[in-house]
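Now for the letters of each chain:
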Amino acid sequence: MTVLINVFVGLHIIGIASLLGGFLTQMKAMGAGTARFVPAMLHGALTMLVTGVLLVGFREMDGNSLNHVKIGVKLAVLFVILALVYVKRDEERVDKAVFGAVGGLTVINIFIAVLWH
């Protein structure tokens, strides 16, 4: 079970890297007002959702204790990210505030994962 959990942690990290990487590649465009949500951002967020839910299940099956409040907060933040990216995915230009909010929420989600024990 440990190997399976570690594989899905790696996939979860790949998802966050895709979401954050997509955001970072559009930062210059955000300054110019031409930023858009690239497909990597949506796919990364969906990967995070699927792998995160599976990780909770795997860890519960393995008998580990989990902080369900932390998981709930991370899930709520991810739902906001997913909603924004999904709704605006086909727009040629995304408002700076919306685009910045996705980047900020992504970073907040990372810090929640790392710092909240």
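Residues numbered from 1 in each chain as written. Predicted model: local features only at pLDDT ≥ 70, side-chain atom pairs only at ≥ 80, totals over all residues. Heavy atoms only, no water.

## Section: the layout of surface pockets
How we decide: Cavity means a closed set of points on a 1 Å grid over the protein atoms alone, one where a 1.4 Å probe fits but cannot get out, pocket means an open set with protein on both sides within 12 Å along at least 5 of 7 lines, and lining means a residue has an atom within 4 Å of a point. Grid points are joined across faces, edges and corners, and a volume is the space filled by probe spheres set on the points. Strands are runs of DSSP state E lasting at least 2 residues, helices are runs of H or I lasting at least 4, and numbering of each runs from the N terminus. The classification used treats Ala, Val, Leu, Ile, Met, Phe, Trp, Tyr, Cys and Pro as nonpolar, Asp, Glu, Lys and Arg as charged, and all other residues, Gly among them, as polar.
One number sums up the size of the largest pocket: a volume of about 720 Å³. What lines the largest pocket is a set of 24 residues, and nearest its centre among them are H12, L55, I71, K74 and A113. Looking at the lining of the largest pocket, the elements that each hand over two or more residues are α1 (2-25), α3 (39-61), α4 (68-88) and α5 (96-115). Element by element, the count of residues in the lining of the largest pocket is highest for α3, at seven residues. Along the lines of polarity and charge, the residues of the lining of the largest pocket split into 16 nonpolar, five polar and three charged.

## Quick look at the nonpolar core
Stated precisely, the cut-off is as follows: Definition of nonpolar core: a set of buried residues of the types Ala, Val, Leu, Ile, Met, Phe, Trp, Tyr and Cys, connected through side-chain atoms within 4.5 Å. Burial classification: accessible surface area is computed with a 1.4 Å probe over protein chains only, and a residue below 20% of its type maximum counts as buried, one above 50% as exposed, and the rest as partly exposed. Whether two residues touch is decided by their heavy atoms; if any such pair falls within 4.5 Å, the residues are in contact.
Grouped together as the largest cluster of nonpolar side chains are 22 residues, with contacts concentrated most on L19, F37, M41, V85, F99 and V102. Among the secondary structure elements, those contributing two or more residues to this core are α1, α2 (27-32), α3, α4 and α5. Discounting chain neighbours no more than four positions away, the residues touching M41 are S18, L19, G22, F23, V85, F99 and V102.

## Things to note about the packing of α1 against α5
Our working rule: For every element, the axis is a line fit to its C-alpha atoms; helices are fit only across the contacting stretch, and the angle between N-to-C directions ranges from 0 to 180 degrees. Put simply, a crossing is left-handed when the front helix is turned counterclockwise from the back one by less than a right angle, and right-handed when it is turned clockwise.
Orientation of α1 relative to α5, taken along the N-to-C sense of each, is 145 degrees, at an axis distance of 10 Å. Remark: the crossing between α1 and α5 carries left-handed chirality. Contacts between α1 and α5 pair I16, L19, L20 and F23 from the former with F99, G100, V102, G103, T106, V107 and I110 from the latter. The class makeup of the residues in the contact of α1 with α5 is eight nonpolar, three polar and no charged.

## Quick notes on α1
Here is the rule: By this rule, a helix spans an expected 1.5 Å times one less than how many residues it contains.
The first and last C-alpha atoms of α1 sit 34 Å apart over 24 residues, in line with the 34 Å expected at 1.5 Å per residue. Three or more residues of α1 are buried, namely I5, F8, G15, I16, L19, G22 and F23. Of the surrounding elements, those touching the buried residues of α1 are α2, α3, α4 and α5.

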